[in-house]
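Report on the structure
Letter by letter, the chains look like this.
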Number of protein chains: 2
Amino acid sequence: MSPTHTGVTTPAELDPCGREDHPDCGIRDVLDRIGDKWSVLVIVELAGGPRRFRELQRAVDGISQRMLTLTVRRLERDGLVLRTVYPTVPAQVDYRLTDTGAGLTHLVKALADWSLAHRTVIAEARHAYDETHPDHDIR
Amino acid sequence: MSPTHTGVTTPAELDPCGREDHPDCGIRDVLDRIGDKWSVLVIVELAGGPRRFRELQRAVDGISQRMLTLTVRRLERDGLVLRTVYPTVPAQVDYRLTDTGAGLTHLVKALADWSLAHRTVIAEARHAYDETHPDHDIR
DNA sequence: CAGAATCCTTTCTGATACTG
DNA sequence: CAGTATCAGAAAGGATTCTG
């Protein structure tokens, strides 16, 4: 067949958007939304129920106040999270997933499942690569 | 990506993900892998079959040579993509998904499906938000 | 063709200080 | 409590030049 052919089965002919000119397919939309450093972690936390700002910050380990604000604002803007302000003193705010946002948790779960299922094989691949390419620095 | 190295010396408060209601542990792994600007687009393109370097660059609109190199190297390192060098002159290289990488396309498809299914409702949410918060600049 | 190496600009993040 | 406003460092990405 070919010179250096290895045992890899031919990848399935699946086109995410069903189109031949394979545009963005809208995938970038989702990834721009959940692909950042914190969004998914916030969503996961909110999947456990409504949370207040400080609760979220304590739950999502390592997030700064600024990034939590930004993250939660974007999610709100996209209609994935509902922000409710109670006119108390001091102010009290809670965040919860909208139905749309809750639907996203299924995708997140799928990602987690895949990740866990392939964690070791990927780790091994990395290790093998790093051994084969000692000088090469990818990270 | 994230400087977070999972697995090594796990602090007690960080659950190394054995539980069902705390699925975020492995998610970052996947997102660090496909959450960047180009990886998914490359994967989608490779889902259509093996591609050479230039083919990929032409197919993935807007990607620079540098980023294509980096992207494809990382995918190779993670064992998602197989890189084959043919000893011709000039050099000829092709990339194809490994079985692991091909499995990822299912996730990508799920992402695309979800994205397309919620594209309008999210767009409307954004629009509504921008109208309600004219002064606010999120993105 | 398929990169590697540089340089430079943009974007992202975290730390800090301040407010209703 | 729940933010806003700045600012500086880090990281990502792009453009260009140069090989085997």
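Here's a quick rundown of the structure. Note that the structure is a prediction, hence the values are computed from the model and not measured.

What about the relation of the copies chain A and chain B?
Related by rotation about an axis and a shift along that axis, the two copies of the chain form a pair. Mapping chain A onto chain B is achieved by rotating through 180 degrees and translating by 0.0 Å along the same axis, at an RMSD of 0.2 Å. These values place the two chain copies in the arrangement generated by a two-fold rotation axis. When C-alpha distances to the rotation axis are compared across chain A, the minimum falls at glycine 35 of chain A, with a value of 2.2 Å. Most of the interface of chain A is mirrored in chain B: 77% of its interface residues are interface residues there too.

Some points on the side chain of arginine 77 of chain A
Counting through the fold element by element, arginine 77 of chain A comes out in helix α4 (residues 65-77). Judged by its relative accessible area of 14%, arginine 77 of chain A is buried. Among all residues touching arginine 77 of chain A, those that are not within four sequence positions of it are Ala125, Arg126, Tyr129, Asp130, Ile138 and Arg139 of chain B.

Re the nonpolar core
In this structure, Ile34, Tyr95 and Leu111 of chain A together with Ile27, Ile34 and Tyr95 of chain B are the most contacted members of the largest nonpolar core, which totals 61 residues. With residues up to four places along the chain from it excluded, the contact list for tyrosine 95 of chain A reads Leu46, Pro50, Arg51, Phe53, Leu56, Val72, Arg73, Val81, Leu82 and Arg83 of chain A.

Remarks on the pairing of strand β2 (residues 81-86) of chain B
All names here are of chain B. With 6 bridges connecting them, β2 and strand β3 (residues 92-97) associate as antiparallel partners. Looking at the pairing, tyrosine 86 lines up with glutamine 92 of β3. Here β2 hands over to β3 after 5 residues, the two strands then running antiparallel side by side.

Describing the protein's contact with DNA strand C
Around DNA strand C lies a shell of 19 residues, among which Met67 of chain A together with Arg54, Gln65, Arg83 and Tyr95 of chain B are the nearest. Take the atoms of DNA strand C that sit within 4 Å of the protein: sugar and phosphate atoms are 58% of them. Within the contact set of DNA strand C, a phosphate oxygen lies 3.0 Å away from a side-chain nitrogen or oxygen of lysine 37 of chain A. A distance of 2.8 Å separates a phosphate oxygen of DNA strand C from a polar backbone atom of arginine 54 of chain B. Residue contributions to the surface near DNA strand C peak at 4 residues, all from helix α4 (residues 65-77) of chain B. Across the surface near DNA strand C, the residue classes tally to 7 nonpolar, 5 polar and 7 charged.

Remarks on the interface of chain A and chain B
Each side of the interface is counted separately: chain A has 62 residues, and chain B has 70 residues. For the pair chain A and chain B, the summed buried surface comes to about 6,000 Å²; carbon and sulfur atoms form 64% of the total. If you look at where chain A meets chain B, you find 6 salt bridges. Two residues, arginine 77 of chain A and aspartate 130 of chain B, come together in a salt bridge whose shortest N-O distance is 2.8 Å. Our count for the chain A to chain B interface comes out at 12 residue pairs in polar contact (both at pLDDT 80 or more).

Details of the packing of helix α2 (residues 39-46) of chain B against α4 of chain B
Residues and elements named next belong to chain B. Running from N to C, α2 and α4 cross one another at 70 degrees; their axes reach a closest spacing of 10 Å. Between α2 and α4, the angle falls in the class roughly perpendicular. Every residue of α4 that contacts α2 at Ser39, Val42 and Ile43 is listed here: Leu68, Thr71 and Leu75.

Description of the pairing of strand β3 (residues 92-97) of chain A
Where strand β1 (residues 51-52) of chain A lies against β3 of chain A, 2 bridges are found, and the strand directions are antiparallel. Counterpart to arginine 52 of chain A in the pairing with β3 of chain A is aspartate 94 of chain A.

Structural notes on the sheet that holds strand β1 (residues 51-52) of chain B
Residues and elements named next belong to chain B. Spatially, β1-β3-β2 is the arrangement adopted by the 3 strands of the open sheet, whose pairing is antiparallel. Where the open sheet ends on each side, the last strands, each with one partner, are β1 and β2. α4 contacts β2 and β3 of the sheet and is inclined by roughly 110 degrees relative to β2.

Let's talk about the environment of aspartate 61 of chain B
Relative to the elements of secondary structure, aspartate 61 of chain B occurs in the loop between α3 (53-59) and α4. Under the relative-accessibility criterion, aspartate 61 of chain B is labelled exposed at 70%.

Section: helix α1 (residues 27-34) of chain A
Where burial is concerned, most of α1 of chain A is hidden: 6 out of the 8 residues are buried. Looking at α1 of chain A, one finds that the buried residues are Ile27, Arg28, Val30, Leu31, Arg33 and Ile34 of chain A.

Details of the sheet that holds strand β2 (residues 81-86) of chain A
Residue and element names in this part refer to chain A. Spatially, β1-β3-β2 is the arrangement adopted by the 3 strands of the open sheet, whose pairing is antiparallel. Of all strands in the sheet, those bounded by a partner on one side alone are β1 and β2. Strands β1, β2 and β3 of the sheet are contacted by helix α2 (residues 39-46), whose axis makes an angle of about 95 degrees with β3.

Conventions adopted
- Residues numbered from 1 in each chain as written.
- Chains lettered and ligands numbered in written order.
- Predicted model: local features only at pLDDT ≥ 70, side-chain atom pairs only at ≥ 80, totals over all residues.
- Heavy atoms only, no water.
- Least-squares fit on C-alpha atoms with pLDDT ≥ 70 in both.
- Contact = heavy atoms within 4.5 Å.
- Helix = DSSP H or I, 4+ residues; strand = E, 2+ residues; numbered from the N terminus.
- Buried < 20%, exposed > 50% of the residue type's maximum accessible area, 1.4 Å probe, protein only.
- Core = buried A, V, L, I, M, F, W, Y, C linked by side-chain atoms within 4.5 Å.
- Pairing = 2+ DSSP bridges.
- Near = heavy atom within 4 Å.
- Polar contact = N/O pair within 3.5 Å; in protein donor to acceptor, adjacent residues only side chain to side chain.
- Nonpolar A, V, L, I, M, F, W, Y, C, P; charged D, E, K, R; others polar.
- Buried area = accessible area lost by both parts, 1.4 Å probe.
- Salt bridge = Lys/Arg side-chain N within 4 Å of Asp/Glu carboxyl O.
- Axes fitted to C-alpha atoms, helices over the stretch in contact; angles between N-to-C directions.
- Parallel < 35°, antiparallel > 145°, perpendicular 65-115°, else oblique.

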